[in-house]
Amino acid sequence: LCRQVPELEKATVRIRQPERVRGIIRSLREQGVARLQVISDFDMTLSRFGCNGRRCPTSHNILDTSRVISEDGKKKLKDLLHYYYPIEIDPNRTLEEKRPLMVEWWTKAHELLVQQKIHKGDIAQIVRESEAMLRDGFNEFFDQLHKNNVPLFIFSAGVGDILEEIIRQANVFYSNVNVVSNYMDFNDDGVLTHFKGPLIHTYNKNNTVLQGTGYFQQLSTRTSIILLGDSMGDLTMADGVPSVENILKIGFLNDKVEERRGKYLDSYDIVLESDETLDVVNGILRYILAE
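Residues numbered from 1 in each chain as written. Predicted model: local features only at pLDDT ≥ 70, side-chain atom pairs only at ≥ 80, totals over all residues. Heavy atoms only, no water.

- The name given to the protein chain in an unreviewed UniProt entry is 5'-nucleotidase, and the organism recorded there is Cnemophilus loriae.
- Per UniProt, the protein chain has the following entry under Function (unreviewed entry): "Specifically hydrolyzes 7-methylguanosine monophosphate (m(7)GMP) to 7-methylguanosine and inorganic phosphate. The specific activity for m(7)GMP may protect cells against undesired salvage of m(7)GMP and its incorporation into nucleic acids. Also has weak activity for CMP. UMP and purine nucleotides are poor substrates."
- Heading Sequence similarities (unreviewed entry) of the UniProt record for the protein chain holds this comment: "Belongs to the pyrimidine 5'-nucleotidase family." (UniProt positions renumbered as here; feature names shortened; annotations may be inferred.)

As structure tokens, then:
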């Protein structure tokens, strides 16, 4: 398979069951483009984790550290991050333990943001001034999917308004892209009053928050899935798909690589360690979509 997808030879790639992965990729190609859909997380999956030794911001970070947030607000948001992020990525805590704590974190963070009286009109500028970066190869990724009419479903626990703006400013917000995320609600004066429900956090990306969207029902013939994520919570993103025939799970392991490697290799078919590109994903897509 490395002949057809040379990117799998990259030093960042780890695969526990190469034969199985080979089989899935072949099946995805055989099933053809009409059956394919891509389901992806956004922050630290489509966007970069780091650049030149510095962390890149998530869609929440972009807002949290922007000029529209007061110094006091910034400090409180940072305190929440320092308290809850270690819980989020702790390999020794169960999902049952983590879920209520994530709800707590997101709820408190959203309440703080609402207090800041953020203006809708400021969002484009906030994104422009931020250090947000999509992964290298994002143009080819979005273009290939668009050209072949492959639906791209972005399922994010971030801030929908911010991440849509990032994609828009990168000129890749095509008609095949659909986003489910935490969206802000603004009043008639364009001031943030609350976040629309349901709340999406790292560990509830599944059916429960998709009820009523009907998105996957419209795509019931799209039974081949490439799933892209960077956390254990992203593994359930395809749970709303009515009938999955083939699924290839690709995980970006960005942080605490040594201690989390085992868990990622148990859960994802392909693990990309400290890889800031979409090279492997693009290589697989090229092979699947080739005439």
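1. Focus: the domain arrangement of the protein chain
And then number 1: Taken domain by domain, the protein chain holds domain 1 (6-50 + 134-289) and domain 2 (54-129).
And then number 2: Put simply, the middle of domain 1 and the middle of domain 2, counted by C-alpha atoms, are 21 Å apart.
And then number 3: On the domain 2 side, the residues contacting the 34 residues of domain 1 number 31 residues.
And then number 4: Across the domain 1-domain 2 interface, the total number found is zero salt bridges.
And then number 5: The interface formed by domain 1 and domain 2 includes 14 residue pairs in polar contact (both at pLDDT 80 or more).
And then number 6: Of all the secondary-structure elements, those providing two or more residues to the side of domain 1 that touches domain 2 are β5 (152-159), α7 (160-169), β7 (184-186), β8 (192-195) and α10 (257-267).
And then number 7: In terms of residue count, α7 provides more of the side of domain 1 that touches domain 2 than any other element does, six residues in total.
And then number 8: In terms of residue class, the side of domain 1 that touches domain 2 is built from 15 nonpolar, nine polar and ten charged. (Domains from an automatic or database assignment. Contact = heavy atoms within 4.5 Å. Salt bridge = Lys/Arg side-chain N within 4 Å of Asp/Glu carboxyl O. Polar contact = N/O pair within 3.5 Å; in protein donor to acceptor, adjacent residues only side chain to side chain. Helix = DSSP H or I, 4+ residues; strand = E, 2+ residues; numbered from the N terminus. Nonpolar A, V, L, I, M, F, W, Y, C, P; charged D, E, K, R; others polar.)

2. Description of the sheet that holds strand β10 (residues 246-253)
And then number 1: Strand order in the open sheet made by the seven strands is β1-β11-β10-β9-β2-β5-β6, with mixed pairing throughout. Only two strands of the sheet have a single partner each, and these edge strands are β1 (13-14) and β6 (177-182). (Pairing = 2+ DSSP bridges.)

3. A word on the nonpolar core
And then number 1: In this structure, Phe141, Ile226 and Ile284 are the most contacted members of the largest nonpolar core, which totals 93 residues.
And then number 2: Of the domains in this structure, domain 1 (6-50 + 134-289) and domain 2 (54-129) are the two that each give at least three residues to this core. (Core = buried A, V, L, I, M, F, W, Y, C linked by side-chain atoms within 4.5 Å. Buried < 20%, exposed > 50% of the residue type's maximum accessible area, 1.4 Å probe, protein only.)

4. Digging into the packing of helix α6 (residues 138-147) against helix α11 (residues 279-289)
And then number 1: Between α6 and α11, the shortest axis-to-axis distance is 10 Å and the interhelical angle comes to 25°. Comparing the axis directions of α6 and α11 gives the class roughly parallel. The interaxial crossing formed by α6 with α11 has left-handed handedness. Across the interface between the two elements, Glu140, Phe141, Gln144 and Leu145 from α6 touch Val281, Asn282, Leu285, Arg286 and Leu289 from α11.
And then number 2: Among the residues making up the contact of α6 with α11, the classes are represented as five nonpolar, two polar and two charged. (Axes fitted to C-alpha atoms, helices over the stretch in contact; angles between N-to-C directions. Parallel < 35°, antiparallel > 145°, perpendicular 65-115°, else oblique. Left-handed = near helix turned anticlockwise from the far one by under 90°.)

5. Side note on the pairing of β8
And then number 1: Bridge analysis of β7 against β8 gives three bridges, and the strand direction is antiparallel. When the bridges of β8 are listed, phenylalanine 186 appears paired with leucine 192.
And then number 2: Two successive antiparallel strands, β7 and β8, enclose a turn made up of five residues, where glycine 190 displays a positive phi of approximately 75°.

6. Focus on the packing of helix α1 (residues 18-31) against α11
And then number 1: Relative to each other, α1 and α11 sit at 45°, their axes nearing to 8 Å. The orientation of α1 with respect to α11, classified from their angle, is oblique. Contact with α1, carried on its side by Ile25, Arg26, Leu28 and Arg29, involves Ile284, Tyr287 and Ile288 of α11 and no other residues of that element.
And then number 2: Of the residues that constitute the contact of α1 with α11, the class distribution is five nonpolar, no polar and two charged.

7. Focus on the packing of aromatic side chains
And then number 1: Per the counting criterion, the structure on display carries nine aromatic pairs.
And then number 2: Look at phenylalanine 153 and tyrosine 215: their rings are 4.6 Å apart centre to centre, the planes differ by 25°, and that puts the pair in the stacked class. Pair noted here: phenylalanine 153 is in strand β5 and tyrosine 215 is in helix α9 (residues 215-218), with a separation of 62 residues, a long-range link.
And then number 3: Judged by centre distance (5.8 Å) and plane angle (25°), the rings of tyrosine 264 and tyrosine 268 are stacked.
And then number 4: By relative accessible area, tyrosine 268 is classed as buried at 2%.
And then number 5: The rings of Tyr83, Tyr84, Trp105 and Trp106 are connected pair by pair, giving a single aromatic cluster. (Phe/Tyr/Trp six-rings, centres within 6.5 Å; stacked < 30°, edge-to-face > 60°.)

8. Observations concerning the environment of leucine 145
And then number 1: If you trace the backbone, leucine 145 turns up in helix α6.
And then number 2: For leucine 145, a relative accessible area of 0% gives the class buried.
And then number 3: Separated by 29 residues in sequence, leucine 145 and tyrosine 174 place their C-alpha atoms 9.3 Å apart.
And then number 4: Setting aside chain neighbours within four positions, we find leucine 145 in contact with Val38, Val150, Leu152, Asn176 and Leu285.

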